[in-house]
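Listed here are the chains, written in short residue letters.
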Amino acid sequence: LFHHHLKSSHKIISNLRLNMSSSSAKEEESKKALVVDPFAFRQFAENEASKSYGGTVFTNTIADFEEIVNAQYDESKLQDGYAPFCKHFFIKNDFTDAQVNILEITKENEGFLRCHYEARTEKELPVLTRYFPKDLVVSESNPLPVATYLDLILYS
C-alpha cells in the first residue's frame, strides 16, 4: 500500500502496489479469482475513505478494476512474496492513470531525502522509512510518470 509521501529506491521501478485476495477454489467456480481486499477500498475514488487517503486513488470502480485484473490473471505468472500466503502479480498498467511512487536517489535530489518511523495502522509496529516529500520533488513542470506496471499483492 502507499504512504502519503514518495518512497525512495536506488532505481526507478514503475510499479504500484495494491492488496488483493485470491478466492478459494470453491469460490472461484462461482466468483472472480481475485477481489480487492477491503483494506484497499480507500484506494478507489468510489469509497468515502479515499478523500482523506494520501496515496494513489484509482478512478476505476472496484468492480471494473477486478474485471480487468481477472481477465488478465494467470496463476503461472505469480511471483513469490515474503510468505507462502503472499504472491505478487505484475500486470501492465494500460487501464489506470496511477503514477509511480518510487524515485531514484540522485545527487540532485538526495538532499531532499527524509527518514522517520511509520506504521500503517495502530496495530503495526513502526518501521524506519525513507521518503522524498512530494512537494519538494514533484511539480507541474516535473510530474511523476504514469506507472508502466502495477504490482498487485495477493493474499490467500
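Report on the accompanying structure. (Residues numbered from 1 in each chain as written. Predicted model: local features only at pLDDT ≥ 70, side-chain atom pairs only at ≥ 80, totals over all residues. Heavy atoms only, no water.)

## Looking at the packing of aromatic side chains
Thought 1: Throughout the structure, instances matching the rule amount to seven aromatic pairs.
Thought 2: Aromatic pair F65 and F95: ring centres 5.5 Å apart, planes at 55°, arrangement tilted. Of this pair, F65 sits in helix α2 (residues 62-72) while F95 sits in the loop between β5 (86-92) and β6 (102-104), and the two are 30 residues apart along the sequence.
Thought 3: Through successive ring pairs, a cluster of aromatic residues spans F44, F58, F65 and F95.
Thought 4: A cation over an aromatic ring shows up here: R42 above the ring of F39, its NZ or CZ 4.7 Å from the ring centre.
Thought 5: Over the aromatic face of Y149 sits the side chain of K92, whose NZ or CZ is 5.8 Å from the ring centroid. (Phe/Tyr/Trp six-rings, centres within 6.5 Å; stacked < 30°, edge-to-face > 60°. Helix = DSSP H or I, 4+ residues; strand = E, 2+ residues; numbered from the N terminus. Lys NZ or Arg CZ within 6 Å of the ring centre and 35° of its normal.)

## Re the side chain of T96
Thought 1: Tracing the sequence through the fold places T96 in the loop between β5 and β6.
Thought 2: What makes T96 buried here is its relative accessible area of 12%.
Thought 3: For T96, the side chain forms a polar contact with the side chain of N93, separated by 2.7 Å.
Thought 4: At 3.2 Å, the side chain of T96 and the backbone nitrogen of A98 are in polar contact.
Thought 5: Apart from the residues lying within four places of it in its own chain, the contact partners of T96 are F58, N60, F65, V146 and L150. (Buried < 20%, exposed > 50% of the residue type's maximum accessible area, 1.4 Å probe, protein only. Polar contact = N/O pair within 3.5 Å; in protein donor to acceptor, adjacent residues only side chain to side chain. Contact = heavy atoms within 4.5 Å.)

## Quick word on the pairing of β5
Consecutive side chains of a regular strand alternate in pointing toward one face of the sheet and then the other.
Thought 1: When strand β4 (residues 79-80) meets β5, the two strands line up antiparallel, connected through two bridges. Its bridge partner being in β5, D80 is matched across the sheet by K87.
Thought 2: Taking the residues that link successive antiparallel strands as the turn, the β4-β5 hairpin has five residues.
Thought 3: One ladder, built from seven bridges, connects β5 with strand β9 (residues 149-155); its direction is antiparallel. Counted as the bridge partner of F90 is D151 from β9. (Pairing = 2+ DSSP bridges.)

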